[in-house]
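Reading the structure
If you want the building blocks of each chain, they are given just below.
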Amino acid sequence: MKTVLVGPYQGEIGGISKFIFNVKAVLGENVVIYSIVRNPKKSNALKAIKAICKLVAFPLFVFRSYKKIGKIVVITPSFHAFWESILYCVISRMMGKKAVLRYAGDLKWFYQESGGLQKYAIKVALRIPNELLLQSEGIAKFVTTIEGKDLTINILPEFLLELPAVNLSERKHPSNSVHFMFMGGTEAKRKGVVEVVEAIASLSSKPCFERMIFHLIAIPDDVSLSAIEDERNVYVYDFISGDEKSKLMEKADVLLLPSRSEGMPNLILESLSYGLYVITTPVGSIPELITRDVGSFVDFGSADSLQDEVLKLMDSSLHPRYSRELSERYCVKSLNDLIKSSIL
């Protein structure tokens, strides 16, 4: 019997698409992908129409391979696609198939930011799938506090297919400089790009700023960089390839990710595997990833908090080996059996 993975799939790209890619790479022909439109509510009308068409076509897809399908795992990347994902779970159950909901965003943030009526609707919706497949014990504990302990919940964290071949002992920079990396993309503001820019502008007046090198990747056009555009140790990149990202991670020392909300970011796992220290926010499943030796937390929306943490780091010792060792817990070699039991 095969498992159907329902979710926005674009190959080996970050986010939820990377999770689907990784699962497919591990389980091969045991899984089939039913690709849907990513976040149609945030896009144009044409994408919304395509999303509806994919939903309408889903029963026929299941019917054609009915005897070969054992389980349907619906993967929702964020609150934007939550209700669409619930509809896929409803269809799956109506067709007699086991429905599993994988919520890959910050479910706690989604619930807490919702109004009273929507909170009630979320609690009802979480009972529609036969099973919830969550990223961490912390999120699972939160769900049980809002909707009781009788839900069937399993845990499968994000994972890496393999660890990069890097020599951490060779990471040395002239004049003890420290390389900081921030990756934005379409969700740059949610990830704290405004606070990163403000913090860099404030740090430029500090004596240790000369030792800081900032790499800002995939910054949208609507984000102003005027406050730091004249700084010679700030490098801004367009959208980059996977190979280019790997080269930057080999050079970098610290990942900046002061997000408003996150699930369990692949970017953090990848950064840890390259030995990076992580400055982030305690949201979603991140607190279960980051320990004192591999990262620290700041307040979302506070450039001052971010600036203070960067300054503390300039007077501290980095231990890339600790980050690398932590990442080993989140690779296929360590989680292979759990992946199989959770998906198949």
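Above this text you will find the structure in question.
Residues numbered from 1 in each chain as written. Predicted model: local features only at pLDDT ≥ 70, side-chain atom pairs only at ≥ 80, totals over all residues. Heavy atoms only, no water.

1. Describing the pattern of salt bridges
Across all of its chains, the model carries 9 salt bridges by this definition. Note that glutamate 158 and arginine 102 form a salt bridge whose closest N and O atoms lie 2.8 Å from each other. Residue glutamate 158 is located in the loop between β6 (153-155) and β7 (178-183), and its partner arginine 102 is located in strand β4 (residues 98-103); the two are separated by 56 residues in the primary sequence. Judged by its relative accessible area of 0%, arginine 102 is buried. A salt bridge links glutamate 325 to arginine 321, with the shortest nitrogen-to-oxygen separation between them at 2.9 Å. On the criterion of helical spacing, the pair formed by glutamate 325 and arginine 321 is a turn pair, its members being 4 residues apart in helix α11 (residues 320-327). Look at the salt bridges and you will find they share partners, linking Lys18, Lys245 and Glu270 into a network. (Salt bridge = Lys/Arg side-chain N within 4 Å of Asp/Glu carboxyl O. Helix = DSSP H or I, 4+ residues; strand = E, 2+ residues; numbered from the N terminus. Buried < 20%, exposed > 50% of the residue type's maximum accessible area, 1.4 Å probe, protein only.)

2. Comments concerning the nonpolar core
Ranked by internal contacts, the top residues of the largest apolar core, which has 34 residues, are Val6 and Phe82. Not counting residues within four places of it along the chain, the set of residues in contact with valine 6 comprises Tyr34, Ile36, Phe58, Ile72, Val73, Val74, Ile75 and Tyr88. Residues Phe214, Tyr277, Ile279 and Ala303 belong to the second largest nonpolar core, which totals 29 residues. (Core = buried A, V, L, I, M, F, W, Y, C linked by side-chain atoms within 4.5 Å. Contact = heavy atoms within 4.5 Å.)

3. What about the side chain of serine 177?
Assignment of secondary structure puts serine 177 in the loop between β6 and β7. Take serine 177: its relative accessible area is 13%, and that puts it in the buried class. Aside from chain neighbours lying at most four places away, what touches serine 177 is Arg211, Ile213 and Asp253.

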